[in-house]
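Structure at a glance
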Amino acid sequence: EKLLSPLFLKFKFFHILNISRFNNNTFVLDIHNLTGSNPAFLEEQININFTNIESIPIHDHVYLVSKDLKEWYDLYPCLIYRECPECHHNRLLISDGECFLDPYIGHRVKFLEN
């Protein structure tokens, strides 16, 4: 927790739900804001400009995002947001290379495709 605390202080964590183009370079992103310790993550909508097509986020991926929304780091496949097969709640799941950990409850789960 101490090692990761600088990331939590300097960045946000977003799960991309939907992406739509508003105009030339402006996109509307529907996201789960995964920042915080409560697993009932809120849906939000943000408008953001992307000038480089490669920098547009990918649907259903989790991103580490700077507070000013200028830096986006794709955390897939290390972090995913999906239903935990153990408790059937949507959770942020963290990969250890073999399984995924639900840090809120502590379940260690595997998915058929992993």
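Computed from a prediction, not measured in an experiment: that's the story for all the values here.

So, on to the overall build of the chain. Of regular secondary structure, the chain possesses one helix and nine strands. Seen in sequence order, the chain has helices and strands lined up from the N terminus as α-β-β-β-β-β-β-β-β-β. For 114 residues, the compact-globule estimate of 2.2 N^0.38 gives 13 Å, and the chain sits close to it at 15 Å. Projecting the C-alpha coordinates of the chain onto the three principal axes gives extents of approximately 45 × 30 × 25 Å. Buried residues in the chain amount to 34% of all 114 residues.

Let us now look at the pattern of salt bridges. Under the defined criterion, the tally for this structure stands at two salt bridges. Note that Arg-91 is salt-bridged to Asp-102, the shortest N-O span being 3.1 Å. Placement of the pair is Arg-91 in strand β7 (residues 90–95) and Asp-102 in the loop between β8 (100–101) and β9 (108–109), with a sequence separation of 11 residues. With relative accessibility at 1%, the residue Asp-102 sits in the buried group.

What the four strands build is an open sheet, ordered β6-β7-β8-β9; its pairing is antiparallel. Both edges of this open sheet fall to β6 (79–83) and β9, since each of them pairs with a single strand only. Where β8 meets β9, two bridges bridge the pair, whose relative direction is antiparallel. What sits directly across from Phe-100, in β9, is Val-109.

Looking at the element boundaries, Thr-26 is found in strand β2 (residues 26–33). Put simply, Thr-26 and His-61 are 35 residues apart on the chain and 19 Å apart in space, counted from C-alpha to C-alpha. Not counting the four nearest positions on each side in its chain, Thr-26 is found in contact with Arg-21, Asn-47, Ile-48 and Asn-49. Engagement of the side chain of Thr-26 in a polar contact is seen with the side chain of Asn-49, the distance being 2.5 Å.

All right, on to the state of the cysteines then. Tallying each qualifying case throughout the model produces zero disulfides. This cysteine, Cys-84, is not joined by any disulfide, and Cys-87 carries the nearest cysteine sulfur, 3.9 Å off. Cys-84 sits in the buried class, given a relative accessible area of 0%.

Reading the values: rules and limits
Residues numbered from 1 in each chain as written. Predicted model: local features only at pLDDT ≥ 70, side-chain atom pairs only at ≥ 80, totals over all residues. Heavy atoms only, no water. Helix = DSSP H or I, 4+ residues; strand = E, 2+ residues; numbered from the N terminus. Rg over C-alpha atoms; globule rule 2.2 N^0.38 Å. Buried < 20%, exposed > 50% of the residue type's maximum accessible area, 1.4 Å probe, protein only. Salt bridge = Lys/Arg side-chain N within 4 Å of Asp/Glu carboxyl O. Pairing = 2+ DSSP bridges. Contact = heavy atoms within 4.5 Å. Polar contact = N/O pair within 3.5 Å; in protein donor to acceptor, adjacent residues only side chain to side chain. Disulfide = S-S within 2.5 Å.

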